[in-house]
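# Close look at the chain arrangement
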Amino acid sequence: MWGTGNRSQRQPDLLAGDVHLLGAVVSRYDVVLVGMEAVVAVLLRLLIHRTRTGRSVRAIAQDATMAQAIGVDARAVLVLVFALGSLLAGFAGGLMVPNVSVSPSLGNAFVLQCFAVVIVGGLGSVAGSLVAALLVGVAETAAVAWVPALTGFTFYVLVAVVLLVRPQGLLGDARTRRA
């Protein structure tokens, strides 16, 4: 419909410009993105830990057979989790449009970093994923500044170190079984 070429979008005029934070100059739009991430993280945590649906999700993650035995509709919960994950991915992608050039293959650029975040954080750990995302971002930024030859490979090193030291991830639970 739109072709295969790259598309770009400007930041909203209201969010254009820079902000000075702790001696660094940061885009106002990036500050808003971080704030929105924090809001989404809190809402996701509340959903997972304070609702019946969240309890069902956690039960299936821990032991799907037992969850089904006590009446949890595993298929419906898994569809809901997939839909919510897709919604969040689309939301994040839409918010990133002003920062990246959009093309049909844009997702390929982020797949490995996302995989690294999940492994480093620990499978099934939302808090671990948040910590790992920050860690991967800081490691990549540090590599750009201090060891440019490692740019693009820092997350491989990070994954290797975490798997050697703590195979279940930073905040993963070694006892959790996967269905």
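The structure this text deals with has already been given above.
Residues numbered from 1 in each chain as written. Predicted model: local features only at pLDDT ≥ 70, side-chain atom pairs only at ≥ 80, totals over all residues. Heavy atoms only, no water.

A word on the pattern of salt bridges. Side chains that differ in charge, positive against negative, can pair when their charged atoms come close. Under the criterion given, the structure shown has 1 salt bridge. Across the salt bridge formed by Arg10 and Asp13, the nearest N and O atoms sit 3.2 Å from each other. No difference in accessibility class separates Arg10 from Asp13, as the two residues are exposed. (Salt bridge = Lys/Arg side-chain N within 4 Å of Asp/Glu carboxyl O. Buried < 20%, exposed > 50% of the residue type's maximum accessible area, 1.4 Å probe, protein only.)

The geometry of helix H6 (residues 126-146) relative to helix H7 (residues 154-165) is characterised by a closest axis approach of 9 Å and an angle of 130 degrees between their N-to-C directions. With respect to H7, the axis of H6 lies oblique. Handedness of the H6/H7 crossing: right-handed. Two secondary-structure elements touch here, H6 through Leu135, Val136, Ala139, Glu140 and Ala143 and H7 through Thr154, Phe155 and Leu158. (Axes fitted to C-alpha atoms, helices over the stretch in contact; angles between N-to-C directions. Helix = DSSP H or I, 4+ residues; strand = E, 2+ residues; numbered from the N terminus. Parallel < 35°, antiparallel > 145°, perpendicular 65-115°, else oblique. Left-handed = near helix turned anticlockwise from the far one by under 90°. Contact = heavy atoms within 4.5 Å.)

Looking now at the nonpolar core. Membership of the largest hydrophobic core is limited to 10 residues, which are Ala116, Val117, Ile119, Val120, Ala132, Val136, Phe155, Leu158, Val159 and Val162. Listing elements by their share of this core, those giving two or more residues are helix H5 (111-121), H6 and H7. Setting aside its immediate chain neighbours within four residues, Val136 contacts Val117, Phe155 and Leu158. Among the nonpolar cores identified, the runner-up in size contains 6 residues, and Ala64, Ala67, Val72 and Val77 belong to it. (Core = buried A, V, L, I, M, F, W, Y, C linked by side-chain atoms within 4.5 Å.)

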